[in-house]
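Notes for the structure review
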Amino acid sequence: MVLDFEKIMTQHLEGLKDGNGPYDTRNFIDENIKIAYSTLRPGSSSGYHVHENNSEVIFVISGTATFHYDDSVEEVSAGQCHYCPMGHSHYMENLTDHDLVYFAVVPNHR
């Protein structure tokens, strides 16, 4: 199956997972997975959340993300990946003055 994110409508939203600020996202979602190509704007953040029934992989395409993962803080730059396993918590911020573009995969675990 080919997913062409150029053909998926962009949603312009505020407050990713109850976070702050604007972000744009193109999503493919079915009963097994969520796959997103997204842009978090400068100064924006996602809300803190626990991955109770899934995990998340975030690959940074451009920019730098600051992740608050469990009790640590880590920066992830273009070409690097952040992984939040099931049972763990995180949120991310874009503390830069440039867009943060990333690709996220959130598989459901049964």
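Refer to the preceding data block for the structure.
Residues numbered from 1 in each chain as written. Predicted model: local features only at pLDDT ≥ 70, side-chain atom pairs only at ≥ 80, totals over all residues. Heavy atoms only, no water.

**Observations concerning the layout of surface pockets**
In plain terms, the rule: Residues are said to line a cavity or pocket when one of their atoms sits within 4 Å of a point; the points come from a 1 Å grid over protein atoms alone, cavities being sets where a 1.4 Å probe fits but cannot get out and pockets being open sets with protein on both sides within 12 Å along at least five of seven lines. Grid points are joined across faces, edges and corners, and a volume is the space filled by probe spheres set on the points. Secondary structure elements follow DSSP: runs of H or I no shorter than four residues count as helices, runs of E no shorter than two count as strands, and numbering proceeds from the N terminus. Residues are grouped as follows: nonpolar covers Ala, Val, Leu, Ile, Met, Phe, Trp, Tyr, Cys and Pro; charged covers Asp, Glu, Lys and Arg; every other residue, Gly included, is treated as polar.
Of the voids in this model, the largest pocket is the one considered here, and its volume is about 320 Å³. Taken together, 23 residues line the largest pocket, and the ones lying closest to its centre are L16, K17, K34, E56 and V106. Going through the elements one at a time, strand 2 (22-29), strand 3 (33-40), strand 4 (49-50), strand 5 (56-62), strand 9 (89-93) and strand 10 (100-107) are the ones with two or more residues in the lining of the largest pocket. The element contributing the most residues to the lining of the largest pocket is strand 3, with 4 residues. Split into classes, the residues belonging to the lining of the largest pocket amount to 12 nonpolar, 8 polar and 3 charged.

**Looking at the pattern of salt bridges**
Put simply, the rule reads: Within this document, salt bridges are pairs made up of a side-chain nitrogen of Lys or Arg and a carboxyl oxygen of Asp or Glu, the two lying within 4 Å of each other. Burial classes: relative accessible area under 20% of the type maximum marks a residue as buried, over 50% as exposed, and values in between as partly exposed (1.4 Å probe, protein chains only).
Evaluated as defined, the whole model comprises 3 salt bridges. Measuring nitrogen to oxygen at the nearest pair gives 3.7 Å for the salt bridge that ties E6 to R26. Here the residue E6 occupies a position in the segment before strand 1 (11-14), and R26 occupies one in strand 2, the gap between them amounting to 20 residues. For R26, a relative accessible area of 19% gives the class buried. Residue D24 is joined to R41 by a salt bridge in which the shortest nitrogen-to-oxygen separation is 2.2 Å.

**Examining the state of the cysteines**
The term disulfide refers to a covalent linkage connecting the sulfur atoms of a pair of cysteines. For the record, the criterion: Defined by distance alone, a disulfide is two cysteine sulfur atoms within 2.5 Å.
Applying the stated rule across the entire model yields 0 disulfides. Left unpaired, C81 is separated from the closest cysteine sulfur, that of C84, by 12 Å. C81 gets classed as partly exposed once you look at its relative accessible area, which sits at 45%.

**Considerations on the side chain of E93**
Basically, it comes down to this: Think of a polar contact as two N or O atoms within 3.5 Å of one another; within protein, one of them needs to be a possible hydrogen donor and the other a possible acceptor, and neighboring residues in sequence only count if both atoms come from side chains. Every residue pair with non-hydrogen atoms within 4.5 Å of one another is taken to be in contact.
Positionally, E93 belongs in strand 9. Reaching out from E93, the side chain makes a polar contact with the side chain of H68 at a distance of 2.6 Å. If sequence neighbours within four positions are ignored, E93 has contacts with L40, S44, S45, T64, A65, T66 and H68.

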